[in-house]
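# Summary of the model geometry
What follows is the residue order along each chain.
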Amino acid sequence: MLVEILAVILAPILSWVIYWSYRVHYFEKYLKNVPGTTGLPFLGHILEINSPKKLIEYVMKCYRLHNTNFKCYLGSQAYLNITDPEDLEFFLSSPIILRKSDAYNYLHSWAGEGLATGSGSRWKKHRKIVSPAFHFNKLEKFIDVFNTQSNILVNKLERESQKGDINVVPFVTRYALDIICETTMGTCLNAQDDPNSKYVYSSNLLTDIVIDRMFSPLLSIGVLYPFSRTYWRQKFALKVVHTYAKTVIANRRKDILRNLRMDENTISPCKNEKRNKKNIFLDILLDYSQTDNTFTEEQIREEVDTFIYGGHDTTASAISFTLYCLSRHPEIQRKAYEELKAIYFDDLQRKTTYKDLQEMSYLEMVIKESMRIYTPVPVIGRMIEEDTAWRDTILPKGLMIYLWLYCTHNSVNSGEDFERFNPERFNVDVSKSRHPFSFVPFSAGPRNCIGQKFAMMELKCTISAILRKFELCPPSFEQPIVLSSALVLKSNDGIYMKLKSRYS
Ligand code: HEM
């Protein structure tokens, strides 16, 4: 009897030991010359990377130690961390290394196999369908939305700043959510006015849950997850966001069938402004679905949720960190403000036009420099599907690749003075002297960010509106920024500043 009990206990442990040894041996056959270690037996480096804050600390520690690409292990799974621009170019330009890594699986319940998480022929097809929506002459029409929403944001910030130091992150995040919902679905979410709405609560909750699952060994195990409280909270939040998207899609389809699409002179539900709602991303998907019945309602919903996820936290991170950089560098802020004064001439409160945005060249350099130091998407993951030659070795099937844009940006790849906030490094001549993959905040190659032009327009429009209204100053207390990195870079304790109105 005792032998049988021991056998029952020991068999799974022994299988685990054999499995772990086999897998580590399998990866090490090819990765033995890559700097880094296999970590603790059975655990790898799990204990050092158990939160978004520890992840970025750990990665920067390894990068400073090895000064190049390095490997690490989570259990028996090997991860190759890429930091060198030449290697970023290899992976990002590859027409075959296109599948996303395991970390993106946690987004599936929310955004399904939408553009950011999908792969294979379905991803290729959807990318083709969605691309026309991001043509610059379609994007131009969204300036009205940016203007309306940034006006609301500036008013909210003004009210709040009268109380003293202000954490801009929650304001900017709700603002970005309003923008992406209106441009994607043509609906007015009103997150800025109604921060406690079910949708805002649910989308924030889903973001937090994705991050929790990435770092919690228990929540990441598929069979155990349904027994956790998080699973049931996620189920509730998913129901809210999916029902919202499905209702909007169904109503919009009815409008199209009844030929009731809004034209240039109809009133948008948002702030009663005249707006051509025909340009929303959803219409491009619905129009396509009328020509191809394999493009299902569920797939449309997944793309809508993908835009909402991919298009709001990222821009909120970039806006918040740029405001932070401006508030801590008064001389650079003064130059950016001078540029705006020259563009807006005698009416700093007027609406921004597409032409204004083209003229904001110094502000664009400021935004780029901020995205270099505080890279909004610090890391991109890929999975190797077939053995692939790389340098003098083979990347074995099943290997995960983490492309650390954050490390590449925050190193001598950006110049010897890389720790200095210096927008001038993005003037045309200096930029030319660097490797083209030394600065890729929107990624590059076939899976680059489809929303990058949209994002840059939104960033310029928002930051210029805030800068025209306020002088940004440091808060009354010292705030060291502690970074946390999951899918998007965040400051652990918010981003505080003092906003002084330039006019009343
Ligand atoms: C500052 C803002 C933004 C940054 C820094 C950013 C960055 C990125 C990065 C690094 C990727 C990953 C590409 C890869 O895996 O190689 C990506 C993908 C993507 N982004 Fe953005 N993004 C931003 C804003 C937006 C916006 C506003 C939208 C939508 C309107 C958007 C939609 C997407 C989509 C759909 C993908 C997946 C593309 C694909 O895999 O084909 N992004 N973005």
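Residues numbered from 1 in each chain as written. Predicted model: local features only at pLDDT ≥ 70, side-chain atom pairs only at ≥ 80, totals over all residues. Heavy atoms only, no water.

Rules: UniProt positions are given in the numbering used here, feature names are shortened, and annotations may be inferred rather than shown by experiment.
Going by the annotation in an unreviewed UniProt entry, the name recorded for the protein chain is Cytochrome P450, with Popillia japonica given as the source organism. Per UniProt, the comment on the protein chain under Cofactor (unreviewed entry) is "heme".

## So, the overall build of the protein chain
The test is simple: Each helix is a run of DSSP H or I of at least 4 residues and each strand a run of E of at least 2, with the numbering of both proceeding from the N terminus. Categorising residues by exposure relies on relative accessible area from a 1.4 Å probe, with only protein chains included: less than 20% of the type maximum marks a residue as buried, more than 50% marks it as exposed, and the intermediate range marks it as partly exposed. Here, Shrake-Rupley sampling with a 1.4 Å probe gives the accessible areas, and only protein chains in the shown set may cover a residue. Charge assignment in this entry is limited to Lys and Arg as positive and Asp and Glu as negative, and neither His nor the chain termini are counted. Where a charge sits is defined by one atom per residue type, namely NZ (Lys), CZ (Arg), CG (Asp) or CD (Glu).
Of the regular secondary structure elements, the protein chain holds 18 helices and eleven strands. If you line up the protein chain on its principal axes, its C-alpha atoms span 85 × 60 × 45 Å. For the protein chain, with 504 residues in total, the buried portion stands at 55%. Carbon and sulfur atoms provide 57% of the accessible area of the protein chain, an area that totals close to 23000 Å². Positive and negative side-chain charges of the protein chain, numbering 64 and 56 respectively, have mean locations separated by a distance of 3 Å.

## Considerations on the pairing of strand S1 (residues 70-74)
Cut-off, in case you're wondering: DSSP-based pairing: two strands are paired if at least 2 bridges between them are found.
The buried fraction of S1 amounts to four of the five residues, a majority that puts the element mostly inside the structure. Of the strand pairs in this sheet, S1 and strand S2 (residues 77-82) are connected by five bridges, and their pairing is antiparallel. The partner of Tyr-73 across the bridge, within S2, is Ala-78. Hairpin geometry of S1 and S2 is characterised by an intervening segment of two residues between the two adjacent antiparallel strands and by a positive phi of about 60 degrees at Gly-75.

## Regarding the packing of aromatic side chains
Within a pair of aromatic rings, the relevant descriptors are the distance that separates the centres and the angle that separates the planes. Heads up, the condition is: Aromatic rings from Phe, Tyr and Trp, with only the six-membered ring used for Trp, were paired whenever their centres fell within 6.5 Å, and each pair was classed as stacked if the ring planes differed by under 30 degrees, edge-to-face if by over 60, and tilted otherwise. Only when the NZ atom of a Lys or the CZ atom of an Arg is both within 6 Å of the ring centre and within 35 degrees of the ring normal do we say a charge sits over the ring.
Counted under the stated rule, the structure contains 24 aromatic pairs. Summarising the aromatic geometry, the rings of Phe-281 and Phe-454 are spaced 5.9 Å apart at their centres and angled 55 degrees between planes, so their arrangement reads as tilted. Taken as a pair, Phe-281 in helix H11 (residues 281-289) and Phe-454 in helix H18 (residues 452-469) lie far apart in primary sequence, 173 residues in all. On the basis of relative accessibility, which here comes to 5%, the residue Phe-454 falls in the buried class. Between Arg-213 and the ring centre of Tyr-225, over which it is positioned, the NZ or CZ distance is 3.5 Å. Over the face of the ring belonging to Tyr-344 we find Arg-468, whose NZ or CZ atom lies 3.9 Å from the ring centre.

## Section: the coordination of the iron atom of the ligand
So the rule is basically this: The donor set comprises N, O and S atoms within 2.8 Å of the metal, extended to 3.2 Å for Na, K and Ca; water molecules are omitted, so apparent gaps in a site may simply reflect that omission.
Only one protein atom coordinates the iron atom of the ligand: Cys-449 (SG), located 2.3 Å from the metal. Along the polypeptide, Cys-449 turns up in the loop between helix H17 (428-432) and H18.

## Quick look at helix H15 (residues 361-373)
The following threshold applies: Each helix should span, by expectation, one fewer than its residue count multiplied by 1.5 Å. By definition in these notes, contact holds between two residues if any of their heavy atoms fall within 4.5 Å.
Over its 13 residues, H15 runs 19 Å from end to end, which matches the ideal 18 Å to within 8%, given 1.5 Å per residue. Counting buried positions along H15 yields ten of 13 residues, so the element is predominantly enclosed. Residues Tyr-362, Leu-363, Met-365, Val-366, Ile-367, Glu-369, Ser-370, Met-371, Arg-372 and Ile-373 constitute the buried set of H15. Taken together, the buried residues of H15 touch helix H12 (297-328), helix H13 (330-344), helix H16 (405-409) and H18.

## Some words on the UniProt feature "transmembrane region" (unreviewed entry) in the protein chain
The positions UniProt marks with the feature "transmembrane region" (unreviewed entry) are residues 6-22. Along residues 6-22 the backbone is 100% helical and 0% strand, and the end-to-end C-alpha distance reaches 24 Å.

## Looking at the site of the ligand
Put simply, the test is: A single heavy atom is enough: if one lies within 4 Å of a molecule or strand, its residue is considered near that molecule or strand. We define a polar contact as two N or O atoms separated by no more than 3.5 Å, with the added condition that, inside protein, one atom must be a possible hydrogen donor and the other a possible acceptor, whereas residues neighbouring each other in sequence contribute only through side-chain atom pairs. All amino acids are sorted into three groups, where Ala, Val, Leu, Ile, Met, Phe, Trp, Tyr, Cys and Pro are nonpolar, Asp, Glu, Lys and Arg are charged, and the leftover types, Gly among them, are polar.
Surrounding the ligand, one finds 26 residues, the nearest of these being Trp-123, Arg-127, Arg-382, Ser-443 and Cys-449. In the model, an oxygen atom of the ligand is placed 2.8 Å from a nitrogen or oxygen of the Trp-123 side chain. Backbone polar atom of Gly-310 to a nitrogen atom of the ligand: 3.5 Å apart, as the coordinates give it. Among the secondary structure elements, those contributing two or more residues to the shell around the ligand are helix H5 (120-130), H12, strand S4 (379-383) and H18. The greatest single-element share of the shell around the ligand, amounting to five residues, is contributed by H12. Here the shell around the ligand is built from residues that sort into 15 nonpolar, seven polar and four charged.

## Examining the pattern of salt bridges
Threshold: Whenever Lys or Arg places a side-chain nitrogen within 4 Å of a carboxyl oxygen from Asp or Glu, that contact is recorded as a salt bridge.
Per the counting criterion, the structure on display carries 29 salt bridges. The salt bridge partner of Arg-425 is Asp-417, with a shortest N-O separation of 2.9 Å. Residue class for Arg-425 comes out buried when judged on its relative accessible area of 3%. With relative accessibility at 30%, the residue Asp-417 sits in the partly exposed group. The network of salt bridges with common partners includes Glu-369, Arg-372, Asp-417, Arg-420 and Arg-425.

## What to know about unusual backbone geometry
Most peptide bonds adopt trans geometry, and most residues besides glycine take a negative phi value. Despite not being glycine, Phe-42 has its phi angle at roughly 70 degrees, a positive value. Within the fold, Phe-42 resides in the loop between helix H1 (2-31) and helix H2 (52-66). Residue Phe-42 is classed as partly exposed on the basis of its relative accessible area, which comes to 28%. A positive phi angle, near 60 degrees, is found at Asn-190, a position not held by glycine. Mapping Asn-190 onto the fold places it in the loop between helix H8 (169-185) and helix H9 (198-215).

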